[in-house]
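Next come the chains, spelled out residue by residue.
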Amino acid sequence: MKVALGGTFDPIHDGHRALFERAFELGDVIVGLTSDELAPRTRNEDRPIRSFERRKRDLETELRSYAEEYDRDFEVRELTEPTGIATESQFDVLVVSPETETGGRRINEIRREHGDDPLEIEVVDHVLAEDGDIISSTRIVTGEIDQHGNLTPEREGRKPIEE
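An account of the accompanying structure is given in this report. Everything numeric here is computed off the predicted structure, so don't read it as measured data. (Residues numbered from 1 in each chain as written. Predicted model: local features only at pLDDT ≥ 70, side-chain atom pairs only at ≥ 80, totals over all residues. Heavy atoms only, no water.)

A few words on the side chain of His13. With respect to the element layout, His13 can be found in the loop between strand 1 (2-7) and helix 1 (14-26). A polar atom in the side chain of His13 sits 3.0 Å from the backbone nitrogen of Gly15. Beyond its immediate chain neighbours, meaning those up to four positions away, His13 contacts Ile135, Ser136, Ser137, Ile140 and Gln147. (Helix = DSSP H or I, 4+ residues; strand = E, 2+ residues; numbered from the N terminus. Polar contact = N/O pair within 3.5 Å; in protein donor to acceptor, adjacent residues only side chain to side chain. Contact = heavy atoms within 4.5 Å.)

So this is what it looks like as C-alpha cells:
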C-alpha cells in the first residue's frame, strides 16, 4: 500500500512518532512536509519554525529507522498546499491525527471530484504528556514539555530563528 501523511514536524515528538509507526505498519510512506511559505499558515499559534531544509533533514533521519524496521520505502516531498500530496491518485491510505481528520475528509472530496477512489483514513490517537494534555510541537517550542511529554519547567522556549 502507498501511505500518505503530512505536517510541519518541527520539532518531531512522540505524537509524530505514533503517526510514523502506523504509516510504516501499513505500507510504503510518502510524507508531505510543509514548505516555508505554508508552515506558518497551518499553525494556530505564531511561533518560530525552522527552515524546510532543516526540518526535512531531521525528518528523513527519523524516518530511516522506521523504514529499516518495517522494510519499507519512504520519500519526503514538499507541501505547498494544505491538501498536499494526498490528492494524487497513487495513494491508498492517509494517516492523520484527530485534529487533521477533517482535512482528510476534504482530501477525499477532492479525490472524488477528480474521479479517484477515496483514501482509507487512519486516525492515530494523540500521545499524552505526563500532565495528561497532548504532546504538541508548540508546547515543546514554548519550553513546557520535551519531545517525550515530560514537563520541563526549567527550560526556556525556542528563541526566534535566525537562518
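For the rest of this paragraph, the subject is the side chain of Glu122. The topology assignment puts Glu122 in strand 5 (residues 120-123). Assessed through its relative accessible area of 18%, Glu122 is described here as buried. In this structure the side chain of Glu122 is engaged in a polar contact, spanning 2.9 Å, whose partner is the side chain of Arg22. (Buried < 20%, exposed > 50% of the residue type's maximum accessible area, 1.4 Å probe, protein only.)

Judged by nonpolar contacts, the single largest core of 21 residues is most densely connected at Leu5, Phe9, Phe20, Leu59 and Val95. Secondary-structure elements contributing two or more residues to this core are strand 1, helix 1, strand 2 (28-34), helix 2 (52-70) and strand 4 (93-96). Excluding anything up to four places from it in sequence, Leu59 contacts Phe9, Ile12, Phe20, Val31, Leu33 and Val76. Judged by nonpolar contacts, the second largest core, of 11 residues, contains Leu38, Ala86, Leu94 and Leu119. (Core = buried A, V, L, I, M, F, W, Y, C linked by side-chain atoms within 4.5 Å.)

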